[in-house]
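Close look at the chain arrangement
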Amino acid sequence: MRTFSAMLFLGSIMMGSATFAAAPAAIPPILIGVPTAAQVNQRCDMLVARSTALRKALETSKAKPTVATTLPAFDKLNELIGGGAGEATLYRETGATAAARSAGEKCEVRMASESTKLSLSRPIYEHIKAIAAPADETTKLYLTRVLGAFERAGIALDDAGRAKAQALTDEVSTLATQFEANIPKGQRTITATPAELDGLPQDFIDAHKAGPDGKITLRTDYTDYIPVLTYAKSSDLRQRFYREFQLRAYPDNDTVLRGLVNKRDELAKLVGRPNYATLNFEDRMLNTPDKVQSLLDDMASAARPAAERDYAKKLAVLQQLQPGTTKLEPWDNSYVGQLVQKQSYGYDRQEARKYFNYDNVRDGILKLTEDMFAVDIRPWNTPKWDKLVEAYEIYDHGKLIGRFYFDSHPRDGKYEHANAVPLRTGVRGAIPVAALVMNLPAGKGLMEHGDVETFLHEYGHLLHAIFAGQNQPWAYESGITTEWDFVEAPSQMLENWVYDYDTLAGFAVDASGNTIPRDLVEKMNKARYFSIGMDDMRQLGLSNVSLQYYLAPAPADLGAAARQYDAKYDVLPPAPYSQFQDSFPHLAGYGAAYYTYRWSIVIADDMFTEFEKHGLRDQATAARYRKLVLAPGGTKPAAELVADFLGRPISLDAYRAKMEKDQ
Ligand SMILES: [Zn+2]
């Protein structure tokens, strides 16, 4: 589930022009209360009208272009569009009705279109280009990035070419939004007999009562799917459920995906690039398809031996259950994996699960932030869009520095993954606002340790957005505005803390009030590195799907191509009937760049060495990290931020060492 966490809207809005931030102070960050479709539409009309007015004013401005005159107006426009896009995403993901969610979806497309109009405005480009090189590095970097974004959008084309670029970019954002929205709509169900739930935790069984026909209905969302695939003893049930899961949104999304790949290919060629991946990577740390392919190969050479060891361990356990079996099937993977953890490492995931109810975990995560970064988090009394939504304020030495929402629990029709949605950036004195949208069990409902990790991961994005949004001069560089292939690193690094006994002991308490035992956490740590080789090879396979799809027009058979690209790395590829490409949301939001998660993990592992050296709860290291890596936002290239913290360039050594930890 962790790998599906993302801030998709940033990916979507960055497709054309890398322009995003949050709404100006005059506009509240979101609609108050429970927005109806009509209210969302009205709000969107207002945002588009303001964006149009600001754009027209800038286009017709007679002022001499300077950093003091042109740039603030341009920056405010970016802030408006970015904030509007964040809002629209929130309505699409969390709207109370299908109509409200659909209004959010439409608004996302309209905000993306506003972004494209800006990035194709020749008069605005001319104004920005005419600004004399500023003295300060931050503003210089701003101008370099903006001019690059104009160029990639197609600003050099003639009128007809720019109109074509606008039309194609609009089509791409419509298709991307549709692709993502089709995934929850493409949910499937299966039925199971009560006997088939044997092996599942009791609270899961209690929550899944049989209907009048004696059958239990299971839905292909993660809250049903992950526990069944992990714990159900019935291989037949796991196989049936796996099959349905692999067919979510198929075949509807095949048509959408084909359009998306082809339109992006056409757009890239229109602006003079050989393929979309080339265009998509130009403003990244790894800025060419060759560099990305090399990364995948370098990582695979470290991960493959570990993956082969993982596979052998899993197969050996499966052979105890099914003598004579010669290979693993994909639906055996999680089930056998947890058995290996139990048998070879003495780590029982169900035992650990008892200590993680939502309320404790949430309190623990907030407390961890307070301890590490010396801040205070207090409830924020503000209207919310659902009775289970929570709101908080974060204070630094008595000064309010950010506000956030947690929309943590599943509802019908709600976004089915976990992501962080920045809603307003902290620029020119504004307070940053962000939301986490997740699907965790409520209250005393128990969570997997992996869910705790996902929660902390997404929360890491939220913290990054807030710490990087402290009175920045420019919205364009405020919040999470570094190169896109860096953005997962802070969140991935933070995942390490859910393996830290001192952190866990602060909140992991079972129903009788017992704190998680130290030896259970030690076993968890021993079991931790088991299967990371296989898991990473799977992720490298998915990264390759995302890369290869966008090196050419769409292949004739999208499913067959996806399975083939994946199998180059994945040591346990999906079944031949799988159509996983249709429910792989990053193919829309991240385009060719799903490798972002892999590159970010390399950086995360590298940065974490500083905490290993000085202690996970060392406030001085945390403060240095916050100051050098998080707080600067997009004011410096990410490679420099990391080098400032590490005192040397990024290296793959920590990643390679991690792959050797389980022998
Ligand atoms: Zn993430």
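Here the structure is shown first, and the text comes after it.
Since the structure is predicted, the reported quantities are computational estimates derived from the model, not experimental observations.

Rules and cut-offs
Residues numbered from 1 in each chain as written. Predicted model: local features only at pLDDT ≥ 70, side-chain atom pairs only at ≥ 80, totals over all residues. Heavy atoms only, no water. Donors = N, O, S within 2.8 Å, 3.2 Å for Na, K, Ca; no water. Helix = DSSP H or I, 4+ residues; strand = E, 2+ residues; numbered from the N terminus. Buried < 20%, exposed > 50% of the residue type's maximum accessible area, 1.4 Å probe, protein only. Phe/Tyr/Trp six-rings, centres within 6.5 Å; stacked < 30°, edge-to-face > 60°. Lys NZ or Arg CZ within 6 Å of the ring centre and 35° of its normal. Disulfide = S-S within 2.5 Å.

Below, the discussion takes up the coordination of the zinc ion. Donor atoms from the polypeptide that bind the zinc ion are His 457 (NE2), His 461 (NE2) and Glu 488 (OE), placed at 2.0 to 2.1 Å. Each donor residue of the zinc ion lies on the same chain, and together they follow the pattern H-x3-H-x26-E. One end of the pair is His 457 and the other is His 461, both in helix α17 (residues 449-467) and four residues apart, which spans about a single turn. Using a relative accessible area of 0% as the deciding quantity, one classes His 457 as buried. By relative accessible area, which is 1% here, His 461 ends up buried.

For the rest of this paragraph, the subject is the packing of aromatic side chains. Counted by the stated rule, this structure contains 34 aromatic pairs. Arranged with centres 6.0 Å apart and planes meeting at 75 degrees, the rings of Phe 406 and Tyr 459 form a pair that is edge-to-face. Note that Phe 406 is positioned in strand β5 (residues 399-407) and Tyr 459 in helix α17, a separation of 53 residues in sequence. Across the pair, exposure class does not vary: Phe 406 and Tyr 459 are buried alike. Here the aromatic cluster, defined as three or more aromatic residues joined through ring pairs, consists of Phe 74, Tyr 125, Tyr 142, Phe 150, Trp 474 and Tyr 476. A cation over an aromatic ring shows up here: Arg 248 above the ring of Phe 245, its NZ or CZ 3.7 Å from the ring centre. Directly above the ring of Tyr 499 sits Arg 528, whose terminal nitrogen or CZ lies 4.0 Å from the centroid.

What follows concerns the state of the cysteines. Tallied over the full model, the rule gives one disulfide. Between the sulfur of Cys 44 and that of Cys 107 lies a disulfide, 2.2 Å long from S to S. Judged by the torsion about the S-S bond (95 degrees), the Cys 44/Cys 107 disulfide is right-handed. You can see Cys 44 sitting in helix α2 (residues 37-59) and its partner Cys 107 sitting in helix α4 (residues 98-119), a full 63 residues away along the chain. For Cys 44, a relative accessible area of 1% corresponds to the buried category. Assessed through its relative accessible area of 3%, Cys 107 is described here as buried.

That is the geometry; function is a separate question.
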